[in-house]
Amino acid sequence: MAADHRGTAQDTAHALRTDVLVVGAGPAGLMLACELGLGGAEVTVLDERPGPTTESRATTLHARTMEILDSRGLLDVLGTPPCEPRGHFGGIGLDLTLPSSHPGQWKVPQGRTEELLQDRAAELGADLRRSHRLTGLTSGPDGVSADALGPEGPVRFSARYLVGCDGEDSTVRRLVGADFPGRDAVRELLRADVSGIRTPDRRFLRLPDGLAISATRDGVTRVMVHAFGSRARHRAGAPDFAEVVEAWKRVTGEDIGHGVPLWINAFGDAGRQLDRYRHGRILFAGDAAHQQMPSGGQALNLGVQDSFNLGWKLAAEIRGDAPDGLLDSYHTERHAVGADVLANIRAQSRLLLGGPEIEPVRAIVAELIALDDVRTRLAGAISGLAVRYDLGDGGDHPLLGLRLPPAGLTRLADGGATTVRTAELLRRGTGVLLDLGADPAPGGLAAAARDVHRVVRVSARPAPGSPLRAGEALLVRPDGHVAWAGRSTGDPALHTALRRWFGEPDRARTAPHQSTATAAAR
């Protein structure tokens, strides 16, 4: 039976049809549109805003997100933004340097990230409809009908799937009535970008009356302040500048009231997460699926990485070649990651916004962070580099479930050899069966790569000092995570993994695609 979500009409005869309707054109929604387009799905994106954000929101891309952009060739357009190797955990300095092609945190304004992804989504055929507000939904076993109000009046859309990427105040989530358990904010940080003031740069400076953060770039100073003992307020909109001025003076003794506020907001330490990221034909990604304090830039990155996991799976579902359970694995994998991130952010919020009573705990954490094992664990969590999906009974190889590590390869093809990076193998969004000189068992690698849809076989040898081992083979999913690894291509687990992630062989359908994908990957 169809679920009518608050007043949507049932007639879809005149609806605009698409494979996937994405609601929200922030980084998560646009990343999803890119991945769906790359996988061959028709995508329409709705967003209430007239264009990419002009507000100075998230400004950090972490190492895993940079690797993702690299794997799709987007860094060629983005260029090389400023990089800061040090981040923080709850306001305590933390070296984020880990083995990666892009270690550290990279400073990219959210608006630039949105422009980058919007342009790529358009290149891949996405239909982006700005100034469209979602007003109702009807979902059934075969698809979703959605009503929106656009610049020229009401519009109806009919889609096989709908994905809510519309932020922590998600309209999709409200219309579906999805449970969003968690806790309300107790403490909050006031944040403002102000011109015309002079104040020393402060990095998580704890003063007797509160926390003060300030940094000036291009004549604009971002200030963030929390007065110890203050409580989060229920807000219908942004704080008044007078509230920021008063809190800043209380904590620092400085008067910034003569400055010109360019942007103001407040964010609290609320933490919520959907019980289910999938509700039939409706799915959720990014802040629509989880609400958290944006500590250390994790919120934007978590959302982009949600979409990178979901996109190839949903595209396979649209094409009709997804194996059973593939789409449901999105919830299984990303809900666990989201829960871990919410837990580390909750710990950080206590360290960051707690008053003098938290100082003994901060001192102990600072001592622990100086230990390399602890630093590596925390840096891996914040950067996203430590994400390891539980792939069940797939063996005990150290790379299983992790992302394919950045490495140089000598690629062997057509009797010649070329130098290539692992990220470049993922440009087309297909699976990769990477042969590093594994035992060529009869009926092994060549047959497996030939028969399974959207998997490209690559023969290569690792460069000296590579984290990859000569004499092995790896099956890599389109999102870069290793689904199987071993020394023999006759391993039955390889064929099990191929079918689990890419479906049953279909020579008649896949042979032309295999040839095209292989040629494009060379």
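Please refer to the structure higher up on the page.
Residues numbered from 1 in each chain as written. Predicted model: local features only at pLDDT ≥ 70, side-chain atom pairs only at ≥ 80, totals over all residues. Heavy atoms only, no water.

Trainee: Please give an account of the overall build of the protein that cites residues and values.
Mentor: Scanning the protein for helices and strands turns up 13 helices and 28 strands. Taken over C-alpha atoms, the radius of gyration comes to 24 Å for the protein, in line with the 24 Å a tight globule of 522 residues would show. Overall, the protein is about 75 × 60 × 35 Å in size when its C-alpha atoms are taken along their principal axes. The proportion of buried residues among the 522 residues of the protein is 57%. Within the protein, counting contacts between residues at least 6 apart in sequence, those at least 24 apart form 72% of the total. Carbon and sulfur atoms make up 51% of the accessible area of the protein, which amounts to about 21700 Å² in all. Both charge centroids of the protein, one from 61 positive and one from 64 negative side chains, sit 1 Å from each other. (Helix = DSSP H or I, 4+ residues; strand = E, 2+ residues; numbered from the N terminus. Rg over C-alpha atoms; globule rule 2.2 N^0.38 Å. Buried < 20%, exposed > 50% of the residue type's maximum accessible area, 1.4 Å probe, protein only. Contact = heavy atoms within 4.5 Å. Areas by Shrake-Rupley, 256 points an atom, 1.4 Å probe, with all protein chains shown as cover. Lys, Arg positive; Asp, Glu negative; His and termini not counted. Charge placed at Lys NZ, Arg CZ, Asp CG, Glu CD.)

Trainee: How would you sum up the pattern of salt bridges? Please name residues and give values.
Mentor: When charged atoms on two side chains of opposite charge get close, those side chains can pair. One pass over the structure, following the stated rule, counts 32 salt bridges. The closest approach of N and O atoms between R129 and D127, which form a salt bridge, is 2.9 Å. Connected through salt bridges with shared partners, the residues D47, R49, E114 and R130 form a single ionic network. (Salt bridge = Lys/Arg side-chain N within 4 Å of Asp/Glu carboxyl O.)

Trainee: Describe in detail the packing of aromatic side chains, supporting the description with residues and values.
Mentor: Counting across every chain of the model gives 3 aromatic pairs. For the ring pair W312 and W501, a centre distance of 6.4 Å and an interplane angle of 50 degrees mean the geometry is tilted. Here the residue W312 occupies a position in helix α7 (residues 298–319), and W501 occupies one in helix α12 (residues 492–502), the gap between them amounting to 189 residues. For W312, a relative accessible area of 6% gives the class buried. Each ring, one from W312 and one from F502, has its centre 6.2 Å from the other, and the planes form 35 degrees; the classification is tilted. Here F502 lies in helix α12 and W312 lies in helix α7, a separation of 190 residues in the sequence. In this pair, the class of W312 matches that of F502, namely buried. Each residue in the set W312, W501 and F502 is aromatic and connected to the rest through ring pairs, giving one cluster. Just above the ring of F180 sits the side chain of R173; from NZ or CZ to the centre is 3.8 Å. Above the plane of the ring of Y161 lies R281, whose end atom (NZ or CZ) is 4.5 Å from the centre. (Phe/Tyr/Trp six-rings, centres within 6.5 Å; stacked < 30°, edge-to-face > 60°. Lys NZ or Arg CZ within 6 Å of the ring centre and 35° of its normal.)

Trainee: Quick rundown of the side chain of N301? Include the residues and the values.
Mentor: Structurally, the position occupied by N301 is in helix α7. In this structure N301 comes out as buried when scored by relative accessible area, which is 3%. With near-sequence residues (within four places) excluded, N301 lies in contact with T60, L61, H62 and T65.

Trainee: Describe in detail α12, supporting the description with residues and values.
Mentor: All buried positions along α12 are accounted for by L494, A497, L498, W501 and F502. Down the axis of α12, the buried side of the element spans an arc of 105 degrees, and every buried residue falls inside it. Along α12, exposed side chains directed more than 90 degrees from the buried face belong to P492 and T496. Regarding α12, its N-cap is D491, as a side-chain oxygen of that residue lies 2.9 Å from the backbone nitrogen of A493 further along. In the stretch just after α12, G503 is the one whose phi turns positive, near 90 degrees. (Arc of directions from axis to C-beta. Polar contact = N/O pair within 3.5 Å; in protein donor to acceptor, adjacent residues only side chain to side chain.)

Trainee: Outline the sheet that holds strand β25 (residues 431–435), supporting the account with residue identities and numerical values.
Mentor: Read from one edge of the open sheet, 6 strands run β24-β23-β26-β25-β27-β28, paired in mixed fashion. What marks the edges here is a single partner per strand, and that holds for β24 (416–421) and β28 (482–486). Put simply, the sheet's adjacent strands are angled 30 degrees from each other on average, direction ignored. Pairing between strand β27 (residues 473–476) and β28: 4 bridges, direction antiparallel. Bridge pairing in β28 places L475 opposite W484. (Pairing = 2+ DSSP bridges. Axes fitted to C-alpha atoms, helices over the stretch in contact; angles between N-to-C directions.)

Trainee: Any chance you could break down the nonpolar core for me, citing the residues and the numbers?
Mentor: Counting 63 residues, the largest nonpolar core has L36, L137, L162 and V172 as the members making the most contacts within it. With residues near it in sequence (within four places) discarded, L36 still touches V20, V22, A41, V43, G311, L314 and A315. Counting 32 residues, the second largest nonpolar core, distinct from the first, contains F204, I345, Y389 and A473. (Core = buried A, V, L, I, M, F, W, Y, C linked by side-chain atoms within 4.5 Å.)

Trainee: Quick rundown of the packing of helix α2 (residues 63–71) against α7? Include the residues and the values.
Mentor: In contact at an axis separation of 10 Å, α2 and α7 are set at 40 degrees when each is read in the N-to-C sense. Taken together, the axes of α2 and α7 are oblique relative to one another. As α2 packs across α7, the resulting crossing turns out to be left-handed. Note on element contacts: α7 touches α2 through N301, V304, Q305 and F308, opposite R64, T65, I68 and S71. Here the contact of α2 with α7 is built from residues that sort into 3 nonpolar, 4 polar and 1 charged. (Parallel < 35°, antiparallel > 145°, perpendicular 65-115°, else oblique. Left-handed = near helix turned anticlockwise from the far one by under 90°. Nonpolar A, V, L, I, M, F, W, Y, C, P; charged D, E, K, R; others polar.)

Trainee: With reference to specific residues and values, describe unusual backbone geometry.
Mentor: If you check the backbone angles, F204 has positive phi at about 50 degrees while not being a glycine. By secondary structure assignment, the location of F204 is in strand β15 (residues 202–207). Residue classification places F204 among the buried positions, given a relative accessible area of 15%. Even without being glycine, D218 reaches a positive phi, approximately 55 degrees. Relative to the elements of secondary structure, D218 occurs in the loop between β16 (210–217) and β17 (220–227).

Trainee: Describe the pairing of β15, listing the residues and the values that go with them.
Mentor: In this sheet, β16 lies alongside β15 in antiparallel orientation, the contact comprising 4 bridges. Across the sheet, the residue bridging to L207 is G210, located in β16. Between β15 and β16, which pair antiparallel and follow one another directly, the connecting turn spans 2 residues.

Trainee: Tell me about the state of the cysteines, and name the residues and values.
Mentor: For the coordinates displayed, the defined rule picks out 0 disulfides. Looking at the unpaired C165, the closest cysteine sulfur is the one in C34, lying at 12 Å. Its relative accessible area of 8% is what places C165 among the buried residues. (Disulfide = S-S within 2.5 Å.)

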